[in-house]
Amino acid sequence: MRELGIFLFLAGLVAMLAPLLLPANFRFPLLDWINNWGPTTAWLIRVERLC
């Protein structure tokens, strides 16, 4: 169970930092569904993964 928590924590960090560090036209296919609900909801989902 601890490994799952660590994985979710790291996935949240990657989801938050990737848009800031990678080129603007780079897209993560697995994280694209988060952006379907708009930027505010996408950030709430990303932060929720860290909690």
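A look at the overall build of the protein
Alright, step 1. The helix and strand inventory of the protein stands at two helices and zero strands.
Alright, step 2. Seen along its three principal axes, the alpha-carbon backbone of the protein occupies a region of about 35 × 20 × 15 Å.
Alright, step 3. Every one of the 51 residues in the protein was classed for burial, and the buried ones make up 14%.
Alright, step 4. Put simply, the protein shows about 4,300 Å² of open surface, and 72% of that area lies on carbon and sulfur atoms.

Digging into the environment of Arg46
Alright, step 1. Here Arg46 lies in helix H2 (residues 39–50).
Alright, step 2. When its relative accessible area of 7% is taken as the criterion, Arg46 is described as buried.
Alright, step 3. Taking the C-alpha atoms as reference, Arg46 lies 9.8 Å from Leu31; in sequence the two are 15 residues apart.
Alright, step 4. Residues in contact with Arg46, not counting those within four places in the same chain, are Gly12, Ala15, Met16, Pro19 and Asn35.

The rules behind these values
- Residues numbered from 1 in each chain as written.
- Predicted model: local features only at pLDDT ≥ 70, side-chain atom pairs only at ≥ 80, totals over all residues.
- Heavy atoms only, no water.
- Helix = DSSP H or I, 4+ residues; strand = E, 2+ residues; numbered from the N terminus.
- Buried < 20%, exposed > 50% of the residue type's maximum accessible area, 1.4 Å probe, protein only.
- Areas by Shrake-Rupley, 256 points an atom, 1.4 Å probe, with all protein chains shown as cover.
- Contact = heavy atoms within 4.5 Å.

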